[in-house]
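# Summary of the model geometry
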Amino acid sequence: MSEPLVIVGNGMAAARLVDELAKVALGRYAIAVIGDEPRLAYNRVLLSSVLAGETTSQDIELRPASWWRDRGVTLKYGCTATEIDVDRRELKIENDESVPFSKLVLTTGSSPLRLNVPGADLAGVHTFRDSRDVDLLLALAAQKKRVVVVGGGLLGLEAAYGLAKAGAPVTLVHLMDRLMERQLDAPAAELLKSLVEPKGIEILLNANTARIHGVTRVEGVELVDGRLIPADAVIFAAGIRPNIALAKEAGIAVNRGIVVDDHLQTGAGDVFAIGECAEHRGICYGLVEPAYEQARALAWHLAGREASYAGSIVATNLKVSGVSVFSAGDFIGGDGSEAIVLSDINHGTYKKLVIAGGRLTGAVLIGDVGDALWYLELIRTRQPTQRIRADMMFGRSLAIRSEAA
């Protein structure tokens, strides 16, 4: 008889876990997926493409309903989990129903941060995080509302790009001195800024939000330096916070995220966590690829195979506001490292490879990202690069040809 395995959350991590379990433990578990978003799991990375009109909300669904049925999964979406009873091994959901489990996996994701500034509770202040937010932002763009996006990381840039392409006048304000400071060095960020601004986005750096003006609705955004930006709406895209409340209230150990070990197990027996809500060795990744790696490791563990998760190489490989961007590993470098840089501003291309100890340890690419996955493989495998060092900047084909010569 199949063991009842309950997954809380119906996002990308949950979908990947079901997929991985179907490969290595099909039939071992009777799987139920409980999620509060009122739709099938979808690719959150493509939300800005929906906002920009480049694809549809239906097209970003990860799997059709039939895929879940074929794998024997019971789906309960649009349904909020309210309590975990660890001792009785029951999950309670909002209609007072209890779902028993043998194993429980938390994939509760994260929530957008809302800045604690005066006026943050005015009508017209929104976030950009899920498909419900996209519907709100599309309505703003259709009305040609003036929008200020707060946050120059990936989420902020994607919100700004989608809104601008949909027809809204957009100003992006960012506290730091460069865009995407966690993923890009200064020259890469400057190039990205120069490529994004012609798309109809005004970008203000070193811009600290002081307050949001308005009586009942948003009328403008005031910066700490006194500048006032007229606005009909404000979008907060200044970071995320792991959703840990359900675990914390159940007495499961949490820090910034839900604390897990190398088997992705929490402090409670047979309760696991993966994805944006999980904290492994002090790190909450907040990215898709680590969630997928965690799902693979957990599926193997739940199948009774030898498997553990030792952490992920942080990498970004996306189109950001229509510009191809890749970064991985230690792209800044430190003592004992060297950087190889190729910069062609006129063609919108920037490449930086960081080498330490004869191995590639980090990379940043803007524009030309054709060899991104090869560079990521070199970083992950720690392959010696002495023989290809002279040619690796010019791509995999030339480097391998030189190595073979």
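What comes next is a walk through the structure. As the structure is a prediction and not an experimental result, all values here were calculated from the model.

## Some details on the overall build of the protein chain
When helices and strands are tallied, the protein chain shows ten helices and 25 strands. The C-alpha radius of gyration computed for the protein chain amounts to 23 Å, which stays within 12% of the reference 22 Å derived for 405 residues, consistent with globular compactness. Burial analysis of the protein chain (405 residues in total) assigns 51% to the buried set. Counted over contacts in the protein chain with a minimum sequence separation of 6, partners at least 24 positions apart contribute 60%. Just so you have it, the protein chain exposes about 18200 Å², and 48% of that area is on carbon and sulfur atoms. Of the charged side chains in the protein chain, 43 are positive and 49 negative; the average position of the first set lies 3 Å away from that of the second.

## Some points on empty space enclosed by the protein
Evaluated as defined, the whole model comprises one cavity of 30 Å³ or more. Counted as a void, the largest cavity has a volume near 30 Å³. Gly275, Glu276, Ala278, Tyr285, Gly286, Leu287, Pro290, Ala291 and Gln294 together form the lining of the largest cavity. Examining the composition of the lining of the largest cavity, we find that three residues originate from one element, helix α8 (residues 288–302), more than from any other. Partitioning the lining of the largest cavity into residue classes produces five nonpolar, three polar and one charged.

## A look at the pairing of strand β1 (residues 3–8)
Note: β1 against strand β2 (residues 29–35), six bridges, orientation parallel. Counted as the bridge partner of leucine 5 is isoleucine 31 from β2. Regarding topology, helix α1 (residues 12–24) serves as the crossover connection from β1 to the parallel β2, and that connection is right-handed. Strand direction decides the pairing type here: β1 and strand β7 (residues 103–106), joined by four bridges, are parallel. Opposite leucine 5, over in β7, you have lysine 103 as the bridge partner.

## Concerning the packing of aromatic side chains
One pass over the full model with this rule turns up two aromatic pairs. Where tryptophan 67 meets tryptophan 68, the ring centres are 5.1 Å apart and the plane angle is 85°; that geometry is what we call edge-to-face. Residue classification places tryptophan 68 among the buried positions, given a relative accessible area of 2%. Here tryptophan 374 and tyrosine 375 contribute two aromatic rings whose centre-to-centre distance is 5.2 Å and whose plane-to-plane angle is 40°, an arrangement assigned as tilted. The exposure classification of tryptophan 374 matches that of tyrosine 375, with both residues buried. Above the plane of the ring of tyrosine 292 lies arginine 16, whose end atom (NZ or CZ) is 3.7 Å from the centre.

Parameters and conventions
- Residues numbered from 1 in each chain as written.
- Predicted model: local features only at pLDDT ≥ 70, side-chain atom pairs only at ≥ 80, totals over all residues.
- Heavy atoms only, no water.
- Helix = DSSP H or I, 4+ residues; strand = E, 2+ residues; numbered from the N terminus.
- Rg over C-alpha atoms; globule rule 2.2 N^0.38 Å.
- Buried < 20%, exposed > 50% of the residue type's maximum accessible area, 1.4 Å probe, protein only.
- Contact = heavy atoms within 4.5 Å.
- Areas by Shrake-Rupley, 256 points an atom, 1.4 Å probe, with all protein chains shown as cover.
- Lys, Arg positive; Asp, Glu negative; His and termini not counted.
- Charge placed at Lys NZ, Arg CZ, Asp CG, Glu CD.
- 1 Å grid on protein atoms, 1.4 Å probe; cavity = no way out; pocket = protein on both sides within 12 Å on 5 of 7 lines; lining within 4 Å.
- Points joined across faces, edges and corners; volume = space filled by probe spheres on them.
- Nonpolar A, V, L, I, M, F, W, Y, C, P; charged D, E, K, R; others polar.
- Pairing = 2+ DSSP bridges.
- Right-handed = clockwise from strand over helix to strand, strands pointing away.
- Phe/Tyr/Trp six-rings, centres within 6.5 Å; stacked < 30°, edge-to-face > 60°.
- Lys NZ or Arg CZ within 6 Å of the ring centre and 35° of its normal.

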